[in-house]
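# Secondary and tertiary structure notes
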Amino acid sequence: GTFTHEFATELYNGTVTVNTGLFVNGQFVDSVDRESIDVINPLDGSVITKVSIGNAKDIDIAVKAARAAFKSSWGLKVPGSERGKLLYKLAELLEKNADAVAAIEALDTGKLFTLARNPDVQGAINDLRYYAGWADKNHGQTIETTEAKFAYTRHEPIGVVGAIVPWNFPLTLTIWKVAPALATGNTVVLKPSEMTPLSALKLAELVKEAGFPDGVLNVVTGYGATAGQAITEHPLVGKVSFTGSIIVGRKVLETSSKTNLKRVTLELGGKSAVLIFDDADFEQTVKWVCSTVFYHSGQVCAAGTRIFVQEGIYERFLQAFADATAALKLGDNFETATQQGPIVSQTQLDRVLGYIESGKQEGARIVTGGSRAEGSGYFVRPTIFADVKPDMKIVREEIFGPVGVVARFKTEEEALEAANDTQYGLSSYVFTTNVSRAIRVSNALEAGSCFINQTVIPSSQVPFGGYKQSGHGRELGEYALEAFTQVKAVHVNL
Ligand code: NAD
């Protein structure tokens with residue numbers, strides 16, 4: 001290749017800039033092979049800019065820089081309070097640049113600007129502050145064994161963490177990894193999705209401005225099969241924190257086990273169940289369900305896409321749900337009146353339309369939507385299938401688009417059996433005004449999260465992750481500290 005990137009590209013009518021090189025050892029640099037990839041705007045298919053494409057050689061350079069930084073200027077060399085200070089500073093800079101970062105994220109992903117600003121950027125600021133607070137509080141224990149002996153534990157960082165992130169919540173999911181990893185003293189090599197690399201590059205600029213030592217955070221943009229794979233193969237990477245599909249998650253685990261047995265956290269897909277009982281608050285439930293299925297065009301791992309409705313309100317709910325869905329306004333993701341933007345890419349558009357076609361062929365009843373929407377962008381009309389059967393492909397597989405499937409149930413037992421009949425276990429939703437039932441049902445659901453009478457709302461303090469094939473380990477909350485530390489027991493003989 002002959003590409004030399006512009007170190008600062010103007011975006012969004014020239015009001016925002018982003019550096020488009022790799023960020024390695026505190027500098028923006030060209031990739032070794034000087035290759036590039038177009039970054040596409042999903043709203044109209046136009047090219048936003050080009051970014052460098054890193055491969056195994058670039059990953060090797062970045063990992064070595066991260067390893068050197070871990071040993072010389074981070075890890076056990078820097079007290080937690082200092083790491084916390086830098087994370088607070090980063091949060092402050094992100095707050096100062098919040099509109100610019102949200103614009104970059106919206107441009108790159110097609111998500112609504114208003115949602116990119118809050119919850120995405122706002123959530124990232126909150127998460128940074130939450131883990132900044134933990135940086136000097138992640139202590140071990142003192143354990144007395146006999147009169148003359150005791151032991152104490154230390155929560156030590158693992159070393160170099162590889163963070164691999166998908167395209168649906170690029171900044172959010174990056175911060176879920178980077179904030180606890182840095183707070184606990186690890187250094188990071190981050191690989192964003194090849195489809196949505198821009199907010200990670202903006203974050204790198206802010207990391208530099210905040211004054212983190214060189215090499216503490218490195219960003220290598222590139223493809224999964226080359227740059228991503230190289231992270232999972234690298235012997236100096238001690239931990240991989242991966243968010244993405246089951247198929248790639250399996251590969252990450254396999255490669256890690258074949259190389260140096262890296263620790264692996266996997267946040268994978270979902271096909272989350274929604275249980276709506278006859279006694280639910282009807283109007284609110286329609287709104288909550290609409291949001292859990294169609295938020296960000298359904299490109300949400302925790303989306304509640306398998307909807308089970310008790311027979312007493314089945315037809316009435318279906319009607320109200322269909323009306324609310326049909327009223328969703330599709331359009332320009334920077335317009336404040338827009339309620340649904342485009343799908344992220346042509347590939348995803350084709351995939352989602354393929355599932356809609358399969359639903360039709362399997363005989364599910366389309367209640368609303370069911371086709372591509374007019375216009376040049378990658379728009380799919382929000383779609384509801386009713387009277388679906390348990391073995392249909394649209395019931396079993398994650399579609400990752402604005403498609404919900406609805407079936408009826410009679411009893412609580414029947415609802416639970418249907419809800420748990422899946423390889424996934426990321427999230428779940430229960431709508432009922434009966435408190436005992438809400439708790440009983442949430443206990444019986446095989447999922448890492450259960451939202452009672454609300455749509456999915458992650459919070460810095462609350463762990464997030466999957467049961468079954470939705471993943472290994474947890475992000476967020478105190479639990480994420482464990483994911484990025486190892487315990488040393490020191491035995492002392494007095
Ligand atoms: P994906 O698995 O295709 O890619 C995810 C990331 O992995 C990308 O950065 C990609 O470049 C990289 N990658 C691809 N092949 C690789 C390899 N061989 N080795 C290492 N890295 C590789 O997923 P996607 O299409 O970007 O995202 C959609 C999926 O992510 C959905 O299944 C969704 O449910 C899941 N997801 C899960 C969560 C969660 O928290 N559980 C959150 C968001 C998305």
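None of these values were measured; they are calculated from a predicted model. (Residues numbered from 1 in each chain as written. Predicted model: local features only at pLDDT ≥ 70, side-chain atom pairs only at ≥ 80, totals over all residues.)

## Remarks on the pairing of strand 17 (residues 383–386)
Here strand 17 shows no split at all, with Thr383 and Phe385 on one side and Ile384 and Ala386 on the other all buried. The pairing of strand 17 with strand 18 (residues 403–409) spans 3 bridges and is parallel. From the neighbouring strand, Thr383 faces strand 18, where its bridge partner is Val403. (Buried ≥ 20, exposed ≤ 12 C-beta atoms within 10 Å, placed from the backbone. Helix = DSSP H or I, 4+ residues; strand = E, 2+ residues; numbered from the N terminus. Pairing = 2+ DSSP bridges.)

## As for the sheet that holds strand 20 (residues 451–452)
As summarised here, the arrangement of the 7 strands in space is 16-17-18-15-14-19-20, forming an open sheet in which the pairing is mixed. The two strands at the open ends of the sheet, each matched to only one other strand, are strand 16 (365–368) and strand 20. Across the sheet, helix 13 (residues 412–420) lies against strand 14 (272–276), strand 15 (304–310), strand 18 and strand 19 (428–431), angled at about 150 degrees from strand 18, the strand it touches most. (Contact = placed C-beta atoms within 7 Å. Axes fitted to C-alpha atoms, helices over the stretch in contact; angles between N-to-C directions.)

## Regarding the sheet that holds strand 8 (residues 149–157)
Taken together, 3 strands build an open sheet; the order of strands is 7-8-22 and the sheet is antiparallel. The outermost strands of the open sheet, each flanked by one partner alone, are strand 7 (142–146) and strand 22 (485–493). Adjacent strand axes in the sheet meet at a mean angle of 25 degrees, parallel and antiparallel pairs treated alike. Inspection of the sheet shows strand 8 paired to strand 22 by 9 bridges, in the antiparallel sense. Residue pairing in the sheet places Thr153 in a bridge with Ala489 of strand 22.

## So, the UniProt feature "domain: Aldehyde dehydrogenase" (unreviewed entry) in the chain
According to UniProt, the "domain: Aldehyde dehydrogenase" (unreviewed entry) feature falls on residues 28–490. Secondary structure content for residues 28–490 is 41% helix and 21% strand, and the end C-alpha separation is 41 Å. (UniProt positions renumbered as here; feature names shortened; annotations may be inferred.)

## What to know about the nonpolar core
By size, the foremost hydrophobic cluster in this structure holds 87 residues, and its most contacted members are Leu87, Leu128, Val188, Val189 and Leu217. Sorting elements by how many residues they give to this core places helix 4 (residues 113–134) first, with 10 residues. Those residues in contact with Val188, other than ones at most four positions away along the chain, are Ala66, Val161, Ala163, Val178, Ala181, Leu182, Leu217 and Asn218. Counting residues in hydrophobic clusters, the runner-up holds 60 residues, among them Leu330, Val344, Val352 and Ile384. (Core = buried A, V, L, I, M, F, W, Y, C linked by C-beta atoms within 7 Å.)

## Points about unusual backbone geometry
At the junction of Asn118 and Pro119, the peptide bond is cis and its omega measures out at 25 degrees in the coordinates. With respect to the helices, strands and loops of the structure, Pro119 is situated in helix 4. For His296, which is not glycine, the phi torsion reads 50 degrees and is therefore positive. Looking at the secondary structure, you find His296 in the loop between helix 9 (282–294) and strand 15.

## Focus on the UniProt feature "active site" (unreviewed entry) in the chain
As annotated in UniProt, the feature "active site" (unreviewed entry) corresponds to Glu267 in the numbering used here. Summarising the element assignment, Glu267 is placed in strand 13 (residues 263–267). Taking the number of C-beta atoms within 10 Å as the measure of exposure, Glu267 has 28 and is therefore buried. Not counting residues up to four positions away in its chain, the partners in contact with Glu267 are Thr243, Gly465, Gly466, Gly471 and Glu475.

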